[in-house]
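Fold and contact review
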Amino acid sequence: MTDVTAQPPVSATAPSGLHTSEGARKRLKARYAAEARFKFAGIAAVATAAFFLVLLLSTIVGQALPAFWTHQATIPVSLNQSELDPDGLGDEVLRRVDYDRIVRDGIRSLFPYATGRADRRTVSGLISSGSAVRLRRAVLEDASGMFGRDSFAVPVDDVADLYFKGQVSDERVVETTGIASPTGTEGTIQVLSTANDFRDLLADVKEFLGEKAEEVERELASRERSLERAVIDIEDYRTRLPNAPAGRTEFFEEQIRILDRGINGLNASIRDLTAELADLRTRSRAAGAEEALSTELPSVLVEINGGVVKATRISASGIEGDVFIPLTSAADAEGGAWSVREIVLPERNRKLDDRSLVYLDQLREQGLVERKFNMPFFSSGASREAELAGIWGAVVGSFFTMIVTLSLAFPLGVAAAIYLEEFAPKNRLTQLIEVNINNLAAVPSIVFGLLGLAVFLNAFGMPRSAPVVGGMVLALMTLPTIIIASRAALRAVPPSIREGALGVGASKLQTVLHHVLPLAMPGILTGTIIGMAQALGETAPLLMIGMVAFIVDVPATPLDPSTVLPVQIFMWADFPEVLFRQKTSAAILVLLAFLITMNALAVFLRKRFERRW
């Protein structure tokens, strides 16, 4: 028996000072410091990633939320059966009704004072150009219910929708104290106040002129620098021209002509900018002087006696302007009974002019504008009109595409995995196949798009822009992922399951299909769902087979032309309208919701059917 107590203590056998010396303490301190730095770097990396993730999501959500709401205007319409379908012939006659005229007359009847051609066009532009289509569809769907109605809700124009959401320009309302005296009710009138109610607005205009003078000054300095460079270059060419190499004379002369024209243009531009700068400085420094308002300056709107006047000239005590909405009378208005609005963004820099803005306010004050959940965004197809565009066509196209992808990729992938894992001989050929399958999983998706373009479209002549072709291309892309995941799931089944089945007399095929495959199915489904989620978000291969085409109709079959949700997002992101940018973010949220749902389903299946041995 070994006498443990006879062994010398560790401290006695260790070299003296190994853990307690000054050098040991320094090494220990350095190790702790290294661990602290590593921990700090890890926390910093996670925090940075979380920051950018939150920034990305907040940006998308902040821009997408307004797209889930829209505004509708209720307009008067005449839908009498005696006028639309006097003989009761039904859809055959109702399809030919001039719904554009009905909608146009309805919106114009709300603004009887808009008699000029431009004014009537402005009124018609307040509502969406697809209003007549919506009215026609409603009449054809329920003619008996629509007959006799005297009003109908139509979507407003996309810019009008942005205005109601407060995204066109900042505004400022000035409280009035003096008694205002209009000089008329229509045309060009003056509104004079007994107090200096317009003094602050005039000061704002002067300040704006000063800022504009600074911009012109910077532009003038830039033109002068360009002129100096051009003068130096032309003098250089003129100096080198007499000694120009053979064959280069014409080139030098052409350069001199080009520079000469450029110098003349710059001189003219500098003269104009110099005059404009002098004018702006004079006007901005003349505090209290009357000022003419143009479309390049903030707009001033005076609401008095039930009418609206847009100022074209402003002084500290009054304005002169054009009447947009006629006044009910030319009587004096007490302070507080009339108001002044300043639209900060100049009319020239926004798509909604002042007259449209005033007419939209009139609609809202009459209670004809309603804010509603944007259901058409989820139930409509693509459209060039931002207020009418929806994602339903892309959602249906994505559904058909995923059905085709799943129908092809899942059985082929699982069958290939079963053969390679359970039946294939282990030789160089199968090893080569396995290596290539692993490599295919890392091939860029655009390559599969090129393959689909060459094989399915060019060689087989299949229909372009159809979900069936897109599904086949995505199936090729998803197949390696499913094979790899399925093989891993099959390999995870314990050998005792196979040995037990074979031991009771089952064949190899029965062992795999009746015992191994059911146990591996949770892992196979998880890999399949992840592969399908990846396919749902792919855009590049579908662009190659023409699914970027603008398709208005919702597809009824996988053979109909269609697009998919990622491609729809790609197309909307390229449109300049602000409402399309908002709908792009909204569609991204919908796509993210689909992807999160599919990944959650994969996690649920794995947890629900997971077996532990």
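None of these values were measured; they are calculated from a predicted model.

Details of the environment of Asp105
Positionally, Asp105 belongs in helix H5 (residues 99-108). Accessibility expressed as a relative area gives 39% for Asp105, which makes it partly exposed. Residues Asp105 and Leu432, 327 residues apart in the sequence, show an inter-C-alpha distance of 74 Å.

Remarks on the pairing of strand E1 (residues 69-76)
In this structure, E1 lies alongside strand E11 (residues 369-373), joined through five bridges in antiparallel fashion. Across the sheet, His71 pairs through a bridge with Arg371, a residue of E11. Examined bridge by bridge, E1 and strand E2 (residues 151-155) share five bridges and lie antiparallel to one another. Residue pairing across strands places Pro76 opposite Ser151, the latter belonging to E2.

Remarks on the sheet that holds E11
Spatial ordering of the open sheet is given by E2-E1-E11, a layout of three strands whose pairing is antiparallel. Of all the strands in the sheet, just E2 and E11 have a single pairing partner and so form its edges. Pairwise comparison of adjacent strand axes, ignoring direction, gives a mean angle of 35° for this sheet.

Some remarks on the nonpolar core
With 89 residues, the main nonpolar core has Phe111, Leu135 and Leu363 as its most contacted residues. In terms of residue count, helix H22 (residues 578-609) provides more of this core than any other element does, seven residues in total. In contact with Leu135, other than residues within four places in its own chain, are Leu79, Tyr99, Ile102, Val103, Met146 and Phe152. Counting residues in each nonpolar core, the second largest holds 41 residues, with Val191, Ala213, Leu273 and Leu327 among its members.

Brief notes about the pattern of salt bridges
Evaluation of the coordinates by the stated rule reveals 28 salt bridges. In this structure, the salt-bridge partner of Arg355 is Asp119, at a minimum N-O distance of 3.2 Å. Of this pair, Arg355 sits in helix H12 (residues 354-365) while Asp119 sits in helix H6 (residues 117-124), and the two are 236 residues apart along the sequence. Judged by its relative accessible area of 18%, Asp119 falls in the buried class. Through salt bridges that share partners, Glu171, Glu303, Arg341, Asp361 and Arg364 make up one connected network.

With respect to a negative patch on the surface
On the surface, a cluster of negative charge is contributed by Glu207, Glu211, Glu214 and Glu215. Inspection of the secondary structure puts Glu215 in helix H10 (residues 199-240). A residue is classified by how much of its surface remains accessible, and Glu215, at 47% relative accessible area, is partly exposed.

A closer look at the packing of aromatic side chains
Scanning the model with the defined rule gives 17 aromatic pairs in all. Considering the side-chain rings of Phe373 and Phe378, the 5.9 Å spacing of their centres and the 10° angle between planes classify their relative orientation as stacked. For Phe378, a relative accessible area of 27% gives the class partly exposed. When the ring of Trp572 is compared with that of Phe580, the centres are 6.1 Å apart and the planes differ by 45°; the resulting orientation is tilted. Given a relative accessible area of 1%, Trp572 falls into the buried group. Using a relative accessible area of 1% as the deciding quantity, one classes Phe580 as buried. Members of the aromatic cluster, connected to one another through ring pairs, are Phe68, Trp69, Phe373, Phe377, Phe378, Trp572, Phe575 and Phe580. For Arg248, the ring lying beneath its charged end belongs to Phe251, and the centroid distance is 4.4 Å.

Quick word on the confidence of the model for the protein
Chain-level pLDDT for the protein is 88 on average; 96% of the residues reach the 70-or-more range. Within the protein, helix H1 (residues 10-13) has the poorest average pLDDT of any element, 48, and strand E8 (residues 307-314) the best, 94. For residues 1-6, every residue scores under 50 in pLDDT, and the model assigns this stretch zero contacts once sequence neighbours within four places are set aside.

Let's talk about the pairing of strand E9 (residues 318-325)
For E9, the buried fraction is high: six of the eight residues fall into the buried class. Relative to E9, strand E5 (residues 188-193) is paired through five bridges, and the arrangement is antiparallel. Considered in E9, the bridge of Leu192 is made with Gly318. Relative to E9, E8 is paired through six bridges, and the arrangement is antiparallel. Looking at E9, one finds that Ala311 is bridged to Gly321. In sequence, E8 turns back onto E9 through a hairpin of three residues.

Quick notes on the packing of H5 against H6
Contact geometry of H5 with H6 gives a least axis separation of 9 Å together with a crossing angle of 105°. Here H5 is positioned roughly perpendicular relative to H6, judged by the angle of their axes. Contacts from Arg104, Ile107 and Arg108 of H5 reach H6 at Arg120, Arg121, Val123 and Ser124.

Examining unusual backbone geometry
Positioned with a positive phi, Asn305 is a non-glycine residue whose angle comes to about 50°. Relative accessible area serves as the criterion here: at 18%, Asn305 is assigned to the buried category.

A closer look at a nonpolar patch on the surface
Residues Leu53, Leu56, Leu57, Val61 and Leu65 make up a contiguous nonpolar surface patch of roughly 410 Å² in combined accessible area. Relative to the elements of secondary structure, Val61 occurs in helix H2 (residues 22-64).

Quick look at H2
Under the 1.5 Å per step criterion, the end-to-end length of H2 is 62 Å for 43 residues, consistent within 8% with the ideal 63 Å. For H2, the complete set of buried residues consists of Ala24, Ile60 and Ala64. Where H2 is buried, its residues meet H22.

Rules of the game
Residues numbered from 1 in each chain as written. Predicted model: local features only at pLDDT ≥ 70, side-chain atom pairs only at ≥ 80, totals over all residues. Heavy atoms only, no water. Helix = DSSP H or I, 4+ residues; strand = E, 2+ residues; numbered from the N terminus. Buried < 20%, exposed > 50% of the residue type's maximum accessible area, 1.4 Å probe, protein only. Pairing = 2+ DSSP bridges. Axes fitted to C-alpha atoms, helices over the stretch in contact; angles between N-to-C directions. Core = buried A, V, L, I, M, F, W, Y, C linked by side-chain atoms within 4.5 Å. Contact = heavy atoms within 4.5 Å. Salt bridge = Lys/Arg side-chain N within 4 Å of Asp/Glu carboxyl O. Patch = residues over 30% accessible without salt bridge, like charges linked within 9 Å, V, L, I, M, F, W, Y side chains within 5 Å. Areas by Shrake-Rupley, 256 points an atom, 1.4 Å probe, with all protein chains shown as cover. Lys, Arg positive; Asp, Glu negative; His and termini not counted. Charge placed at Lys NZ, Arg CZ, Asp CG, Glu CD. Phe/Tyr/Trp six-rings, centres within 6.5 Å; stacked < 30°, edge-to-face > 60°. Lys NZ or Arg CZ within 6 Å of the ring centre and 35° of its normal. pLDDT = per-residue confidence, 0-100. Parallel < 35°, antiparallel > 145°, perpendicular 65-115°, else oblique. Expected span 1.5 Å × (residues − 1).

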